[in-house]
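A structural walkthrough
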Amino acid sequence: MKTSLWGNLKKVYAMVLSTSPGAGTISLIYHWIEGMFPAFITWSTIQLIDEVEKMMTGVSHHLWFWCACMLGGYIVKELGVNLYSLFVNASVYEKVMNVVRLRLYEKSARLPYITFEDSQMMDKRQRARECVDREKISQIFVNTSQFLINIISILSMIGILASYNILFLPISLASVVPYLIVRLVRGKEFDQIRKKQVSQERHKEYMWKTLSEKETQRELRVYHAQSYMQGKWQKIMEEVQEEIQTYQRRETWQLLGCDGLNLLGYGISMGMAVWLILQGEISAGTFSACAMAFLNVQNQVKNFLTDLGSLPGDIYVVSDYFDYLALPEETDGMYESSKLGEICLEKVCFSYPQAEKRALDDISFQIRRGEKIAIVGENGSGKTTLAKLLLKLYTPQTGVITVNGRDLETWNRESYYRNFSVVQQQFVPYQLSVRENVGISDVPHMDEDPRIQACLAQCELEGPLFCELDQRLGKRLDGQELSYGQWQKIAIARGIFKNSEWILLDEPTSALDPMTEAEILYQFLDIVQDKTAIIVTHRIGLCTRMDRILVMQNGRIIQDGNHQTLMEQEGAYRTMFLKQGEWYRK
């Protein structure tokens, strides 16, 4: 549910002033002082011109005093502007944006993992990121602080104008109010356009990444498909731009009409000022000041109303950020244990958001401590989804997963993860040092060089590159690039380095050749002899050394047994094993 405009504005100020209290407070004081400056200059101008007039007709005693006042005022103003930009503005933007980014990351880390499978939730996250990327929170704080300048300046200048003729007041205001109306109406329309374009922006961002990333260039070049992908990106970009340009054209014509009213108001006010000076009711100094004051009031009111009209749109963007921070977080259990004895799944079912078909259907089996289990099946059979449930990343819609006889949902996540090591199919190639790439799975022991070297050697990562543990890997940060297979070996070494009792490998060797794969996996099974190992794979050869094999098809477990038992049955496992064996023999 959306918070009110003022509610979100209060959140902006609370965040800024709590993050950077000194700079935020000084910013408000600076804007209050700056708001008084136009009135000060206008009044000083009146006195200065009057003193010049006195000097021409007689003697002036204060001419140089008012000259000094004006000069001093401008010097102080310029000094204040530079100090504000140097210390306050930079501090507000930099500190606040760091905190805003950090809170967005921390919130994402606390959301249920299934959230990232929901396209609607991804749209919300995209809008929250847009708030961060466009620095909207700092921008709103600075802009609304600017309102203080405008309000103080307007009130003080209106006081000067009204002191000479009250009719100056309605003329100056009436000529700028249309700006507010236009900004409010057009701002609301622009917000609706941007909200509608969120999905398009995600598609555009993906297309651009596909075009610009090194990983996709080889395939696009070989297939000569760059023009096709570029055309798709350009089509989405043009659709987005066309909507915005149509909006901007309508707004330009409306603002042009507002400028005409503004010019008319200035002409009327100047006519009145001429009439007053001819009547002898105001001096030449006052006439000059009136001209300056009226322009000042018009500009300040115009700026104020224009910024005020765009405020709801900016607040709308910020509200997406605060709404994202307010999303329900992942609940965590309280139970802790340093030992996992047995995991049991009973009639577990699971579906992805907006999916018509269940990813897992009526899954029931047990994993006993010390077992070596393979989960096999064709692509899309539900193997990786099952692995994510075992890792407490997803929660079953029906059924229950128990660990040591307790519902997995009652377990403390950190305690549960201490017992697990994971090597994922979509592993992360960290653009960090060799040491960090391996040791990140067990940060407190990252400085244990012999252990890291042993894990690298077990994964056949040897040679000068891997002897220097502080060597940075990855081209993005000017490190040494690795092949995809080497990155995968690094991921396996990372999983081995964490000395946990349970280890789960999800297609851990998909990028390795069969000989290397077999050697590493057999060596891995020797390493984890006293551990519980769960290996998700579609390659069957390894299964001959596993205690149990679960065969999955269309989200269900259709076979459960060891290699010998399953080969004696006329089932999916026997068919897959024979077909893969025939392929390798050929």
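Relevant structure appears above.
Below, the structure is looked at part by part. Being a predicted model, the structure only gives us computed values, none of them experimental.

All right, on to the overall build of the chain then. For the chain, the count of helices and strands is 20 helices and ten strands. Residues classed as buried in the chain amount to 46% of the 586 residues present. Carbon and sulfur atoms make up 57% of the accessible area of the chain, which totals about 30400 Å².

Turning our attention to the sheet that holds strand S1 (residues 342-350). Within the open sheet, the four strands sit side by side as S2-S1-S4-S5. Their pairing is antiparallel. Only two strands of the sheet have a single neighbouring strand rather than two, namely strand S2 (360-368) and strand S5 (406-407). In the sheet, strand S4 (residues 398-403) pairs with S5 via two bridges, with the strands oriented antiparallel. Looking across to S5, one finds that Thr402 is bridged to Asp407.

A positive phi angle, close to 50 degrees, is found at Lys347, a residue other than glycine. Residue placement: Lys347 occurs in strand S1. Phi angles above zero are rare outside glycine, and Asn404 is one such case at about 55 degrees. Mapping Asn404 onto the fold places it in the loop between S4 and S5.

Counting 44 residues, the largest nonpolar core has Val12, Val100, Ile137 and Tyr321 as the members making the most contacts within it. Looking at this core, the elements with two or more residues in it are helix H1 (5-19), helix H2 (21-57), helix H3 (63-110), helix H4 (119-133), helix H5 (136-162) and helix H11 (284-325). For this core, the leading source of residues is H11, giving twelve residues. By size, the runner-up hydrophobic cluster in this structure holds 41 residues, among which are Val438, Ala533, Cys543 and Met546.

Here we take up the sheet that holds strand S10 (residues 556-561). On the basis of which strands lie adjacent, the open sheet formed by six strands has the order S6-S7-S8-S3-S9-S10 and mixed pairing. Edge positions in the open sheet fall to strand S6 (420-423) and S10, since each of these has one partner strand only. Recorded for the sheet is a direction-independent mean angle of 15 degrees between the axes of neighbouring strands. Judged from the four bridges that link them, S6 and strand S7 (residues 502-506) form a sheet pairing that is parallel. Each residue of the ladder has a partner; that of Val422, found in S7, is Leu504. The strands touched by helix H17 (residues 484-497) are S6 and S7; relative to S6, the strand with the most contacts, the crossing angle is about 175 degrees.

Further remarks concern the packing of aromatic side chains. Counted according to the given criterion, the structure contains 14 aromatic pairs. Residues Phe427 and Tyr484 carry aromatic rings whose centres are separated by 5.2 Å and whose planes lie at 45 degrees to one another, so their mutual orientation is tilted. With Phe427 in the loop between S6 and helix H14 (434-439) and Tyr484 in helix H17, the pair connects residues that are 57 residues apart, well separated along the chain. Lying across the ring of Tyr335, Arg406 places its NZ or CZ 4.0 Å from the centre.

For the rest of this paragraph, the subject is the pairing of strand S3 (residues 372-377). Two faces, one strand: in a regular strand the side chains alternate between the faces of the sheet. For S3, the tally of buried residues reaches six of six residues, placing the bulk of the element in the interior. A two-sided burial pattern is seen for S3, the buried positions comprising Lys372, Ala374 and Val376 on one face and Ile373, Ile375 and Gly377 on the other. Here S3 pairs with strand S9 (residues 548-553) via five bridges, running parallel. If you follow Ile375 over to S9, its bridge partner there is Leu550.

On the surface, Ile29, Trp32, Ile33 and Met36 cluster together into a nonpolar patch covering about 410 Å² of accessible area. Relative to the assigned elements, Ile29 resides in helix H2. Exposure remark for Ile29: the relative accessible area of 47% places this residue in the partly exposed category.

A word on the environment of Lys339. The topology assignment puts Lys339 in the loop between H11 and S1. Each C-alpha atom of the pair Lys339 and Asn404 lies 8.6 Å from the other, and the pair is 65 residues apart in sequence.

Evaluated as defined, the whole model comprises 23 salt bridges. Notably, a salt bridge pairs Arg413 with Glu330, separated by 3.4 Å at the nearest N-O pair. Of this pair, Arg413 sits in helix H13 (residues 413-417) while Glu330 sits in the loop between H11 and S1, placing them 83 residues apart in sequence. Using a relative accessible area of 12% as the deciding quantity, one classes Arg413 as buried. On the accessibility criterion, Glu330 (24% relative accessible area) is partly exposed. For Glu371, the salt bridge is made with Arg548, and the minimal N-O distance between the two is 3.2 Å. Taken together, the residues span a long stretch of sequence, with Glu371 in the loop between S2 and S3 and Arg548 in strand S9 at a distance of 177 residues. On the basis of relative accessibility, which here comes to 10%, the residue Glu371 falls in the buried class.

Where burial is concerned, most of S9 is hidden: five out of the six residues are buried. Adjacent in sequence and paired antiparallel, S9 and S10 are bridged by two residues, among which Asn554 carries a positive phi angle near 50 degrees.

So, about helix H15 (residues 449-458). Within the span of H15, buried status applies to Ile452, Cys455 and Leu456. Viewed along the axis of H15, the buried residues span an arc of 100 degrees, placing them on a single side of the element. In this structure, the buried side of H15 is in contact with H14, helix H16 (464-467) and H17. Two residues or fewer past H15, Glu460 is found with a positive phi of approximately 60 degrees.

What follows covers the environment of Ser18. Looking at the secondary structure, you find Ser18 in helix H1. Of the residues examined, Ser18 reaches a relative accessible area of 51% and is grouped as exposed. Once the C-alpha coordinates of Ser18 and Val96 are considered, the two residues, 78 residues apart in sequence, prove to be 9.3 Å apart. From its side chain, Ser18 meets the backbone oxygen of Ala14 in a polar contact 2.8 Å long.

Going through the model one piece at a time under the given rule, you end up with zero disulfides. In this model Cys459 remains outside any disulfide bridge; the closest cysteine sulfur is found in Cys455, 7.1 Å from its own.

How each quantity is defined
- Residues numbered from 1 in each chain as written.
- Predicted model: local features only at pLDDT ≥ 70, side-chain atom pairs only at ≥ 80, totals over all residues.
- Heavy atoms only, no water.
- Helix = DSSP H or I, 4+ residues; strand = E, 2+ residues; numbered from the N terminus.
- Buried < 20%, exposed > 50% of the residue type's maximum accessible area, 1.4 Å probe, protein only.
- Areas by Shrake-Rupley, 256 points an atom, 1.4 Å probe, with all protein chains shown as cover.
- Pairing = 2+ DSSP bridges.
- Core = buried A, V, L, I, M, F, W, Y, C linked by side-chain atoms within 4.5 Å.
- Axes fitted to C-alpha atoms, helices over the stretch in contact; angles between N-to-C directions.
- Contact = heavy atoms within 4.5 Å.
- Phe/Tyr/Trp six-rings, centres within 6.5 Å; stacked < 30°, edge-to-face > 60°.
- Lys NZ or Arg CZ within 6 Å of the ring centre and 35° of its normal.
- Patch = residues over 30% accessible without salt bridge, like charges linked within 9 Å, V, L, I, M, F, W, Y side chains within 5 Å.
- Salt bridge = Lys/Arg side-chain N within 4 Å of Asp/Glu carboxyl O.
- Arc of directions from axis to C-beta.
- Polar contact = N/O pair within 3.5 Å; in protein donor to acceptor, adjacent residues only side chain to side chain.
- Disulfide = S-S within 2.5 Å.

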